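So the chains spell out like this:
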Amino acid sequence: NPFTGVHDPIFLRALVFTNGDTTAAIVTADLVEFGDTLPVRERITKELDIPAEHIMITASHNHNAPRAGVVTPGAIAKVGGPETLAYTEKVYDQIVEAVRQAKDSMQPARVGIGTGSADVNTNRDVLTPEGWKLGVNPQGPSDKTVWVIKFETHSSEPIALLMNYAVHSVIIGPENEFVTGDLAGAVERYVEQHYQDKVIALWTMGPAGDQNPKYIRQFKKDTNTNAQPSDYDLMDALGLILGEEVIHISDQIKQMTSDVWIKVKERVVSLPARIPPRDLMRNAHHSNGNGIKIQKVEKLDLRLGLILFNHIAITSVSGEVNTKIYQHLKKESPLTNTLMVTLSNDRIGYLVDDAGYDNPTHGTMGTPIQRGYAEDAIVHNLIDMINNV
């Protein structure tokens, strides 16, 4: 739906760090998704001398905000028109400027990591008499971990908090016509206000391919096309819960170090593609009435990334990863502190574990990858990348 107004502003945030030998950047955006970010990453390389493979650009997957970038052939996304292209150029300009400002304001710092838990998300795949539906499934797999990586000055003044949690930012329903940061924006706003806006709070979405907020608002077209104040109250309330947990975790992080080695890796893996069954059923010509046009391709590129701070592994994947794939990764990882940033540097669609193909859930019916490839590609390659550095 076209947006008719703005309820709360949406933002880009940038974090740039170096140990003198290696420089990297993480950019987060209150957007629904990015297409392949290589063009803007190469522009950053040219203008700011940060290697493209050292840059993670990720969206919060907030469904009440635009997308940016061109759709990767074979990926699942609304193509958009001239307005989307114009908006993309504006967003790219702002990304470059945000990274420039972050790089120019770098200062000596220490880094540390902490975890907590929040019962805000839930597995959303529910088996009903009519088949698999989206809903609330408390018995389904769900990772409640809240990750916080804290950067502070040598005098213990916080500089930035990198947050990670597995949930879709979809509290405000899809028929809403106002731009909002939704849940992710509410968390960022709450945390930054707590620190009197002296801290940058960057939200990253974890393995949320099968995770929704426990409470969401849905609107029917024939009754109401906009969120009501109480709906935004719910968004802010859940944002407060997550935000308070982030602040609590941050306060508990005592082991901070400025003696940091940084290693960064990127790997592109081509996987056998398919037209998702859901879209085959919608339209035999690979297009539906919502502007989603899936180009038939033989292979689809999966982009994987890794940033290592000593014992901290920030992994990244260019799709919506479900919980079981991440659980597999954590089991195999040699590092306890292994977190996953999804929708990084592209969004190709849902990425489902091999066993998940047995059930026609929303993710299984919507993944553009053939069975037997995604889970192994993600886990094997990310573990290999960690071990090789």
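Basis of the calculations
- Residues numbered from 1 in each chain as written.
- Predicted model: local features only at pLDDT ≥ 70, side-chain atom pairs only at ≥ 80, totals over all residues.
- Heavy atoms only, no water.
- Phe/Tyr/Trp six-rings, centres within 6.5 Å; stacked < 30°, edge-to-face > 60°.
- Helix = DSSP H or I, 4+ residues; strand = E, 2+ residues; numbered from the N terminus.
- Buried < 20%, exposed > 50% of the residue type's maximum accessible area, 1.4 Å probe, protein only.
- Core = buried A, V, L, I, M, F, W, Y, C linked by side-chain atoms within 4.5 Å.
- Contact = heavy atoms within 4.5 Å.
- Pairing = 2+ DSSP bridges.
- Axes fitted to C-alpha atoms, helices over the stretch in contact; angles between N-to-C directions.

Visitor: Which parts of the structure should I look at to understand the packing of aromatic side chains?
Guide: What characterises a pair of aromatic rings is the spacing of the ring centres plus the angle enclosed by the ring planes. Applying the stated rule across the entire model yields three aromatic pairs. On the basis of an interplanar angle of 20° and a centroid distance of 6.2 Å, the ring pair of Phe 17 and Phe 151 is categorised as stacked. Linking Phe 17 in strand E2 (residues 12-18) with Phe 151 in strand E8 (residues 145-152), this pair joins segments that are 134 residues apart in sequence. Accessibility expressed as a relative area gives 6% for Phe 17, which makes it buried. Among the aromatic residues, ring-to-ring pairing joins Phe 17, Phe 151 and Phe 309 into one connected group.

Visitor: Please explain the nonpolar core as it appears in this structure.
Guide: One broad rule of soluble globular proteins: the nonpolar side chains tend to lie buried together. Ranked by internal contacts, the top residues of the largest apolar core, which has 54 residues, are Ile 314 and Ile 378. The biggest single contributor to this core is helix H8 (residues 374-388), with eight residues. Leaving out residues up to four positions away in the same chain, Ile 378 has contacts with Leu 302, Leu 304, Val 317, Val 321, Ile 325, Met 340 and Leu 351. Judged by nonpolar contacts, the second largest core, of 34 residues, contains Leu 183, Tyr 195, Met 205 and Val 246.

Visitor: Whenever I open this one, the sheet that holds strand E7 (residues 131-137) confuses me. Can you help?
Guide: Strand pairing in a sheet relies on backbone hydrogen bonds. The paired strands run either parallel or antiparallel. One open sheet accounts for three strands, arranged E7-E6-E12; its pairing is antiparallel. In the strand order of this sheet, the two ends are held by E7 and strand E12 (211-213), each with one partner. Across the sheet, the mean angle separating the axes of adjacent strands is 50° when strand polarity is ignored. Here three bridges tie strand E6 (residues 121-128) to E12, and the two strands are oriented antiparallel to one another. Among the inter-strand pairings, Asn 123 is bridged to a residue of E12, identified as Gln 211.

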